[in-house]
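Observations on chain architecture
Chain residues, written in single-letter form:
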Amino acid sequence: MSEYKDPLVAIIVPVYNTGKYVCECIDSIINQTYSNFKCCLINDGSTDNSLELITNHTKNDSRFIILNQKNKGVSSARNSALDYISKSDMFPDYIFFLDSDDLISSNFINRFVVELIGNNADYGFCSYDEFDKRGVKQNDKTIPQPQILDNNGIISQFFMIDDWSFGGNIPSSKTDSRFLSNRFFKYKCISSLRFKEHLSFCEDHDFFIRSIPFLTKGVCVPDIMFFYRMRKSSLSHRSMEKNTLIALSVYKELFESDFNYKLKNCLFSNILDLLWRAVSYSCELNDLKKEKELYKECSVFYKKHSPFPLTFRQKRRIFQLNFGFKFNRVYFKQKYLKKLKKHQNDNPYLFE
């Protein structure tokens, strides 16, 4: 970093009952090769020993700031930190969000700062790996080429469309995520934004999509610098349906915003896919009333005139809807039974 004046980087880490992992997360921050940062640890009403651990682990490091609040959820915790930063004399140049059970590589901050300054970019993202008790999870995802993206390219990368990765297989890139932790922002681009605290799911999607109009230039850092801890989930068929409906509501609300054509097109396409998924989950749950309601909504939305183009798969689904509710109910039950079962956690190597 000798060729640049070291900018200040803000880190926001919500903490809730992650006593088993939070010190490891903090260590990955302390071990950064880049030292000019301030980290807000927000204890969100933890009932385990998380507060004691983060207090003791950071007591000799003035770069860490501990905020306390009653349990209000991750969005509220992040907003508390954003409010604190905006009212303080911190004035960060860059900012990123990290969950208290995940890890970053020692060069995470330094690499992003160098890339964003060197390319005069507002935003960057990197590759990431998932890990369980056995170590890093092996997959066939590819590492994309380093590159600069304009606003349309940022949209394409987030929604995994077009050939943004210069020939890479878009759905299998190691940068693909809908969370925030492998992303790095110029603070002034998102300083006015806040998370929607009523959301229990999809809050990262919502926040990032609302940030897109403020991001004019992005940089892809292909290095694997973020590590996502795979933990046991309480997801059931019922919660998968609930989360799909939450996501559907989020995307429909975003669709009404005054975004550019490309972003509206991506939102429209995602709404179509979420409606289809919602119908499939309701069929599996044998919720006949909900099935009929969603099927009707899906039919109307799919057939509704739109200025946006449809994919071949979406056109095929519109054709299939013409066969009626009973036919499609049987179709969904047969097609998605095995797929839904895969979402149940049967991996004994997941963290608690």
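Residues numbered from 1 in each chain as written. Predicted model: local features only at pLDDT ≥ 70, side-chain atom pairs only at ≥ 80, totals over all residues. Heavy atoms only, no water.

**Describing the packing of aromatic side chains**
What characterises a pair of aromatic rings is the spacing of the ring centres plus the angle enclosed by the ring planes. Counting across every chain of the model gives 31 aromatic pairs. Ring geometry for Phe323 against Phe327: centres 5.1 Å apart, planes inclined by 35°, an arrangement best described as tilted. In textbook terms, an aromatic cluster arises when at least three aromatic residues are bridged by ring pairs, as seen for Tyr123, Phe125, Phe158, Phe159, Phe185 and Phe208. One residue, Arg183, lies across the ring of Phe208, its end atom 4.8 Å from the ring centre. For Lys264, the ring lying beneath its charged end belongs to Phe255, and the centroid distance is 4.5 Å. (Phe/Tyr/Trp six-rings, centres within 6.5 Å; stacked < 30°, edge-to-face > 60°. Lys NZ or Arg CZ within 6 Å of the ring centre and 35° of its normal.)

**Describing helix 4 (residues 108-118)**
Taken as a whole, helix 4 has its buried residues at Phe108, Ile109, Phe112, Val113, Glu115 and Leu116. Positioned one or two residues after helix 4, Asn120 has a phi angle of 50°, which is positive. (Buried < 20%, exposed > 50% of the residue type's maximum accessible area, 1.4 Å probe, protein only. Helix = DSSP H or I, 4+ residues; strand = E, 2+ residues; numbered from the N terminus.)

**Quick word on helix 2 (residues 50-58)**
Those residues of helix 2 that sit buried are Ser50, Ile54 and Thr58. Take helix 2 and look down its axis: the buried residues cluster within an arc of 40°, on one side only. Next to the buried residues of helix 2 lie strand 1 (9-15), helix 1 (22-30), strand 2 (37-44) and strand 3 (64-69). (Arc of directions from axis to C-beta. Contact = heavy atoms within 4.5 Å.)

**A closer look at the pairing of strand 2**
Of all eight residues in strand 2, seven are buried, a share of seventy percent or more. As defined by bridge partners, strand 1 adjoins strand 2 across seven bridges and the pair is classed as parallel. Counted as the bridge partner of Ala10 is Lys38 from strand 2. Where the polypeptide runs from strand 1 across helix 1 and back to strand 2, its parallel neighbour, the crossover connection is right-handed. In this structure, strand 2 lies alongside strand 3, joined through six bridges in parallel fashion. Paired with Cys40 across the bridge in strand 3 is Ile65. Between the parallel pair strand 2 and strand 3, the chain is carried across by helix 2, and the sense of this crossover is right-handed. (Pairing = 2+ DSSP bridges. Right-handed = clockwise from strand over helix to strand, strands pointing away.)

**Comments concerning the environment of Ser106**
Along the chain, Ser106 falls in the loop between strand 5 (103-104) and helix 4. In the structure, Ser106 is positioned 76 residues away from Ile30 in sequence and 8.6 Å away in space, judged by C-alpha atoms. Residue contacts for Ser106: discarding those within four places in its chain leaves Asn31, Gln32 and Thr33.

**Observations concerning the confidence of the model for the protein**
Counting all residues, the mean pLDDT for the protein is 89, and 89% of those residues have values of 70 or more. Long-range and interchain partners of residues 164-171, a stretch whose pLDDT sits below 50, account for 24 contacts in this model, where long-range means more than four residues apart. (pLDDT = per-residue confidence, 0-100.)

**A short note on the environment of Ile104**
Relative to the elements of secondary structure, Ile104 occurs in strand 5. Remark: the alpha-carbon pair of Ile104 and Gln32, spanning 72 residues in sequence, is separated by 8.7 Å. Apart from residues no more than four positions distant in its own chain, Ile104 is found in contact with Ser28, Ile29, Gln32, Phe96, Leu98, Met225, Phe226 and Phe227.

**Concerning unusual backbone geometry**
Here Phe91, not a glycine, exhibits a phi torsion of approximately 50°, which is positive. Mapped onto the elements of the fold, Phe91 is located in the loop between helix 3 (74-87) and strand 4 (94-97). Here the phi dihedral of Asn120 falls at roughly 50°; this positive angle occurs in a residue that is not glycine. Structurally, the position occupied by Asn120 is in the loop between helix 4 and strand 6 (123-132). The exposure class assigned to Asn120 is exposed, which follows from its relative accessible area of 56%.

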